[in-house]
Amino acid sequence: MSTGRDPQGMTRRQLMVHSAWFGAAVVLTVAGGEVISHVAGSTGAAQAAQRARPTLRFAQISDSHIGFTGTANTSVTGTFTEAINQVNGLGFTPDFVIHTGDLTHLSKPAQFDQVKQMLTGLNTPHIFTVPGEHDSVDDGGQKYRQAFGAGTRGDGWYSFDIAGVHVIGLVNTLSFSKMGGGHLGTDQLDFIEKDVAPLSSDTPVIVFSHFPLFAMYPDWGWGTDDATQALSYLRRFSSVTCLNGHVHQLFTKTEGNITFHTATTTAYPLPHPGDGPAPKPVTLPAGKLHDALGIREVSYIKGQQTLALKEQKLS
Amino acid sequence: MTSTPTNITSSPPTTAVSSTAANRAGRLAVRIGIASTLAISGVIHAYLYIHGYQYIPTIGTAFLVQASVFCALGVLVAAGGPAWLRWAGGVASVAALAAFALSRTVGLFGFTERGWQPSPHAAVSVIAEVLTVALVTASMLNSRSKTAAT
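Keep in mind that this is a model prediction, so the values were computed, not measured.

K.L.:
I'd love a proper account of helix α2 (residues 59-78) of chain B, names of residues and values included.
P.N.:
Side chains that are three or four residues apart share a direction in an α-helix, a result of its 3.6 residues per turn. Taking 1.5 Å as the rise per residue, α2(B) with 20 residues should run 28 Å; its terminal C-alpha atoms sit 28 Å apart, in good agreement. Of the residues trailing α2(B), Gly80(B) is marked for its positive phi of about 90°.

K.L.:
Which residues make up the sheet that holds strand β11 (residues 308-313) of chain A, and what are the values?
P.N.:
Think of a sheet as strands paired side by side through backbone hydrogen bonds, with each pair either parallel or antiparallel. All names here are of chain A. An order of β3-β2-β1-β10-β11 is seen for the five strands of this open sheet, with the pairing classed as mixed. At either margin of the open sheet sits one strand with a lone partner, and together these are β3 (127-129) and β11. Strand-to-strand twist across the sheet, computed as the mean angle between neighbouring axes with direction ignored, equals 20°. Inspection of the sheet shows strand β10 (residues 294-300) paired to β11 by six bridges, in the antiparallel sense. For Ile295, the partnering residue across the bridge sits in β11 and is Gln312.

K.L.:
Requested: an account of the interface of chain B and chain A, with residues and values cited.
P.N.:
Every contact between the two is made by 28 residues of chain B and, on the other side, 29 residues of chain A. A buried area of about 2,300 Å², summed over both sides, lies between chain B and chain A, and 69% of it is on carbon and sulfur atoms. Our count for the chain B to chain A interface comes out at zero salt bridges. Only α1 (3-50), α2, α3 (83-103) and β1 (111-113) of chain B provide two or more residues apiece to the side of chain B that touches chain A.

K.L.:
Before we move on, can you summarise the side chain of Ser41(B) with the specific residues and values?
P.N.:
All names here are of chain B. You can see Ser41 is positioned in helix α1. Assessed through its relative accessible area of 0%, Ser41 is described here as buried. For Ser41, the residues in contact, after removing those within four places along its chain, are Gln66, Phe70, Ser125, Ala128 and Glu129.

K.L.:
Tell me what's going on with the pairing of strand β4 (residues 158-162) of chain A, and back it up with residues and numbers.
P.N.:
All names here are of chain A. Burial along β4 is one-sided: the face carrying Tyr158, Phe160 and Ile162 is buried and the face carrying Ser159 and Asp161 is not. In terms of strand pairing, β4 meets strand β5 (residues 165-169) through five bridges, oriented antiparallel. Counterpart to Ile162 in the pairing with β5 is Val165. Between β4 and β5, which follow one another and run antiparallel, lie two residues, and Ala163 among them has a positive phi close to 50°.

K.L.:
Tell me about the nonpolar core, and please be specific about residues and values.
P.N.:
Residues and elements named next belong to chain A. Counting residues in hydrophobic clusters, the biggest one holds 35 residues, and the most contacted among them are Val207, Leu213, Leu234, Val240 and Cys242. Looking at this core, the elements with two or more residues in it are α6 (186-196), β6 (205-209), α7 (227-232), β7 (240-244) and β9 (258-262). No other element matches the four residues that α6 contributes to this core. Excluding residues that lie within four positions of it along the chain, Cys242 makes contacts with Val207, Leu213, Leu231, Ile258, Thr259, Phe260 and His261. Core analysis: the second largest hydrophobic core is formed by 23 residues, Ala83, Phe92, Leu103 and Met118 among them.

K.L.:
Go over the sheet that holds β5(A) with me, naming the residues and quoting the values.
P.N.:
An order of β4(A)-β5(A)-β6(A)-β7(A)-β9(A)-β8(A)-β1(B) is seen for the seven strands of this open sheet, with the pairing classed as mixed. Each edge of the open sheet carries a strand with a single partner, namely β4 of chain A together with β1 of chain B. Averaged over neighbouring strand pairs, the angle between their axes works out to 15° when direction is ignored. Relative to β1(B), strand β8 (residues 251-255) of chain A runs parallel, the two being bridged by three bridges. Bridge pairing in β1(B) places Thr252(A) opposite Phe111(B).

Parameters and conventions
What you see as residue numbers is a count from 1 along each chain, following the sequence as written. Key to labels: chains lettered from A, ligands numbered from 1, both in the order written. Where totals are concerned, whole chains, interfaces and linings use all residues; where local detail is concerned, this predicted model gives features only for residues with pLDDT of at least 70, and gives and counts side-chain atom pairs only at 80 or more. For side-chain calculations, the full set of non-hydrogen atoms in the structure is used, while hydrogens and water are omitted. Think of it this way: any DSSP run of H or I at least four residues long counts as a helix, any run of E at least two long counts as a strand, and we number them from the N terminus. Take the number of residues in a helix, subtract one, and multiply by 1.5 Å to get its expected span. Two strands are counted as paired when DSSP detects at least two bridges linking them. Helix axes are fitted only over the stretch in contact, all axes being lines through C-alpha atoms; the angle between N-to-C directions runs from 0 to 180 degrees. For this analysis, residues touch if any pair of their heavy atoms sits within 4.5 Å. Take the accessible area each of two parts loses on contact, using a 1.4 Å probe, and add the two losses: that sum is the buried area. Take a side-chain nitrogen of Lys or Arg and a carboxyl oxygen of Asp or Glu: if they are within 4 Å of each other, that pair is a salt bridge. Accessible area is worked out with a 1.4 Å probe on protein chains only. A residue is then buried under 20% of its type maximum, exposed over 50%, and partly exposed in between. Among buried residues, those of type Ala, Val, Leu, Ile, Met, Phe, Trp, Tyr and Cys that are joined through side-chain atoms within 4.5 Å constitute a nonpolar core.

Here you go:
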């Protein structure tokens, strides 16, 4: 005959009581999550994005390294084509597409021709680029500027306004810091200071660069030595979003109202900071490469302080 | 001399009653303290999730889970739930503090932040979680010493 007591000493009644509390915890957690998601959806960009077209929508691709040959990706043109097709399949026409550098692998004229030709396949009214260090291997970025520098200033930097957002494209790959990282230089810093001076502090600002504008991993040159000066001109703005390439992996950092988002690549992955002696291309097991590659969709809705980012793996 | 035994037998029950009442009030205060600090941390994470963190890959989801779990634990602890709910709150708070430390050092799921940003949310949340851990620890030590005494 059952006594109602298990071998551990807990009565059935106690077991039921504890089970009830556990059930309540689960139910409350799920319900709480639903409520928070609903509130976030009704006040944030998510619902607005569903109900109305965002003020600005664009896509970011990065580090296509056209011309690369190696086991890490035996067909960088193939994966770049897939990335372009994925942008074209977003379900809307992006206001523009930004390529955040290392379009080519060795800055060869044929590689610039090829990548420029491939970019014309993007279904968007505007394509913007910033150069990577691979785009200025032997000529200080001259071939890059011939291919993509129309309408830019200085060594290829620029700014423009679109849908109430101020966008700045920077070049931090022409001279290097002591650690091999990015450098902007005084001319470009002057440009930034004068460029943003007339803007009101509630203007959303987006900054594109190849090297990160924060010290992601200085030992590998993953940073920009004079970025602090550039950022000092931007700190008064309520929303500053810095998008960069170079590191071939997703990484996010916030400093007050400034948010940094590194992008993944369409070519090959690099190791995480500090994994190994140097950032060399990583060869993944068969079938895993596409998980490390991708594109980014960015939306901005007027009145929102932050941009909505949606990462997509290469499908 | 019959008064002495009478005094001896009448005095201890009075002390025991007041001591029990004090213990009960103490336990209630600790329980409310744990519930409050859990809820504060949960509400702060919910606020941050709603105001931008939802868009940060992985971290957004983590904030949503943290907020809903902490708020649920806060409500159930306040409602007089069993001790394991308080322990769960303590363990979750330790995990939240560890995640905070990682986000300020080596990064967490590719996410890093500097110092006490966003202010004052980060500082308030950390204080709440440290208090949760302290109160849960005190509660556990108290119940252990009572068990040992009996």
